[in-house]
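Here's the letter readout for the chains.
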Amino acid sequence: MLKPLKREEFDRYIDFVYALALDPARSGYPTYTDGIKTRADFVERSLRAFERENEDILLYEREGIVAGWIHYYFLPEDKYLDTCSFCIESGMGDAIGEFSDFARERFRGYELYLGFPGENTQAIKALEAGGFTCIERDFNDVFDLGRYEPRRPDPDVVPVTRENFDLFRTLHAQYEEMYWNSDRLLANMDQWRLLLYEPHGVPAGALQARKDSEMGEIFGIFFPGGYDVSAYRALTTAALNGAKADGAGAMVFFNDSESQSDALALGFRCVGAYMCYQTTL
């Protein structure tokens, strides 16, 4: 059974739920097992649900006993539904089923995205049985920037501006189904570090990274053809240098199997496997 969490109940359950957030087999993404995000971060992010009209926390009860919670948010203008935390002690499959039913009733027509660690086999089994589509299988990698000394930049890496944005759009075209498509990136360029790799003046790769003074994130590197290790390393290094200049303490990057070895060679550490599932409600 799902029911809204009341503000006066928050302190009663926060320690219990945070303990679940530290167990990849009983929690979803974003993960708090990465050694970066803290209990204070979890508490602060959870409390925002009581301040925002597009967020809520649902307690999940199993046989009359609270077994966790689901913190969700939605973007009406984009028909987008996602979770900030999905922490369940037992009955993960049932919780996903109940939340899916709740979402279909309240958010008909929305796109629902649910991400889980690879260790959460109960969630993955329930999502696949429930007709969700796995749209991403990656490694969650983290780079600790505290002691990082910026490396020499590759002169073939150039920033994306409004003047050369169409070159970036061309490389990003194969990923336009993602939420942060080219049009949204163009409208919010101040939030992003967008880079092009242009050896001999020809675009051979592009990078999309979110700027943040605490924790940056590389959303993707795009190639006109197949995987290009030179483009990958040059663009990733430029993003790390930029995040260090921003004052960020860490950089997050979800890599696929093709780029994982190069990410580790550059100094990233792997937190674990990440699986993202999507369905239209």
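Nothing here was measured: the structure is a model prediction, and the numbers come from that model. (Residues numbered from 1 in each chain as written. Predicted model: local features only at pLDDT ≥ 70, side-chain atom pairs only at ≥ 80, totals over all residues. Heavy atoms only, no water.)

### Re the overall build of the chain
Working step 1: The helix and strand inventory of the chain stands at eight helices and 12 strands.
Working step 2: Against the compact-globule benchmark of 19 Å for 281 residues, the chain has a radius of gyration of 20 Å, which places it among compact chains.
Working step 3: The principal-axis extents of the C-alpha atoms in the chain amount to approximately 65 × 40 × 35 Å.
Working step 4: Within the chain, contacts between residues at least 6 apart in sequence are counted, and of these 67% link residues at least 24 apart.
Working step 5: When the accessible surface of the chain is split by element, carbon and sulfur atoms take 48% of a total near 13,400 Å².
Working step 6: On the chain, the mean spot of the 29 positive side-chain charges and the mean spot of the 47 negative ones are 3 Å from each other. (Helix = DSSP H or I, 4+ residues; strand = E, 2+ residues; numbered from the N terminus. Rg over C-alpha atoms; globule rule 2.2 N^0.38 Å. Contact = heavy atoms within 4.5 Å. Areas by Shrake-Rupley, 256 points an atom, 1.4 Å probe, with all protein chains shown as cover. Lys, Arg positive; Asp, Glu negative; His and termini not counted. Charge placed at Lys NZ, Arg CZ, Asp CG, Glu CD.)

### What to know about the sheet that holds strand β8 (residues 192-197)
Working step 1: Here we have 12 strands laid out as an open sheet, ordered β1-β2-β3-β4-β5-β12-β6-β11-β10-β9-β8-β7, and mixed in their pairing. Among the strands making up the open sheet, the edge pair consists of β1 (2-4) and β7 (157-159). Pairwise comparison of adjacent strand axes, ignoring direction, gives a mean angle of 30° for this sheet.
Working step 2: Direction of pairing for strand β4 (residues 80-88) relative to strand β5 (residues 111-117): parallel, over a ladder of two bridges. (Pairing = 2+ DSSP bridges. Axes fitted to C-alpha atoms, helices over the stretch in contact; angles between N-to-C directions.)

### Quick notes on unusual backbone geometry
Working step 1: Tyrosine 29 connects to proline 30 through a cis peptide bond whose omega is 0°.
Working step 2: Relative to the helices and strands, proline 30 is located in the loop between α1 (10-21) and α2 (39-47).
Working step 3: At lysine 79, a residue that is not glycine, the phi angle is positive and equals roughly 55°.
Working step 4: Looking at where lysine 79 falls in the secondary structure, it is placed in the loop between β3 (65-75) and β4.

### Thoughts on α1
Working step 1: Under the 1.5 Å per step criterion, the end-to-end length of α1 is 15 Å for 12 residues, consistent within 8% with the ideal 16 Å.
Working step 2: Within α1, the full set of buried residues consists of Phe10, Tyr13, Ile14, Val17, Tyr18, Leu20 and Ala21. The arc that holds every buried residue of α1, seen down its axis, measures 145°, which confines them to one face.
Working step 3: Those residues of α1 that are buried are in contact with α2, β2 (55-62), β3 and β4. (Expected span 1.5 Å × (residues − 1). Buried < 20%, exposed > 50% of the residue type's maximum accessible area, 1.4 Å probe, protein only. Arc of directions from axis to C-beta.)

### A closer look at helix α5 (residues 165-172)
Working step 1: Inspection of α5 places Phe165, Phe168, Leu171 and His172 among the buried residues, and these make up the whole buried set. In a view along the axis of α5, the buried residues occupy a sector of 120°, so they form one face of it. In α5, those exposed residues whose orientation departs by more than 90 degrees from the buried face are Asp166 and Thr170.
Working step 2: Among the structural elements, α6 (182-187), β8, β9 (205-210) and β10 (215-222) are those in contact with the buried residues of α5.

### Digging into the packing of aromatic side chains
Working step 1: Scanning all chains against the criterion turns up 30 aromatic pairs.
Working step 2: Between tryptophan 192 and phenylalanine 219, the aromatic rings sit 4.9 Å apart at their centres with planes inclined by 85°, giving edge-to-face as the arrangement. One end of the pair, tryptophan 192, is in strand β8; the other, phenylalanine 219, is in strand β10, with 27 residues separating them in the sequence.
Working step 3: Judged by relative accessible area, tryptophan 192 falls into the buried class, the value being 2%.
Working step 4: Measuring from centroid to centroid gives 5.4 Å for phenylalanine 223 and tyrosine 227, while their planes differ by 80°, and the two rings are edge-to-face.
Working step 5: In this structure phenylalanine 223 comes out as buried when scored by relative accessible area, which is 10%.
Working step 6: For tyrosine 227, a relative accessible area of 24% puts it in the partly exposed group.
Working step 7: In this structure, lysine 37 packs its charged tip against the face of tyrosine 32, placed 5.5 Å from the ring centre. (Phe/Tyr/Trp six-rings, centres within 6.5 Å; stacked < 30°, edge-to-face > 60°. Lys NZ or Arg CZ within 6 Å of the ring centre and 35° of its normal.)

### A look at the nonpolar core
Working step 1: Core analysis: the biggest nonpolar cluster contains 28 residues, and Leu81, Phe86 and Phe99 have the highest contact counts within it.
Working step 2: Looking at this core, the elements with two or more residues in it are β2, β3, β4, α3 (92-106), β5, α4 (121-129) and β12 (269-280).
Working step 3: Contacts of leucine 81, omitting those with residues within four sequence positions, involve Tyr72, Tyr73, Phe74, Ala103, Phe107, Tyr110, Glu111, Leu112, Tyr113 and Leu281.
Working step 4: In this structure, Tyr148, Leu195, Ala239 and Leu266 belong to the second largest nonpolar core, which totals 26 residues. (Core = buried A, V, L, I, M, F, W, Y, C linked by side-chain atoms within 4.5 Å.)

### Concerning the pattern of salt bridges
Working step 1: This structure, assessed with the given rule, holds 15 salt bridges.
Working step 2: A salt bridge links arginine 233 to aspartate 262; the nearest nitrogen and oxygen atoms lie 3.1 Å apart. Placement of arginine 233 in helix α7 (residues 229-246) and of aspartate 262 in helix α8 (residues 260-266) is noted, with a sequence separation of 29 residues between them.
Working step 3: The exposure class of arginine 233 is partly exposed, given its relative accessible area of 34%.
Working step 4: Relative accessible area serves as the criterion here: at 10%, aspartate 262 is assigned to the buried category.
Working step 5: What you see here is one network of salt bridges that share partners, running through Arg45, Arg52 and Glu55. (Salt bridge = Lys/Arg side-chain N within 4 Å of Asp/Glu carboxyl O.)

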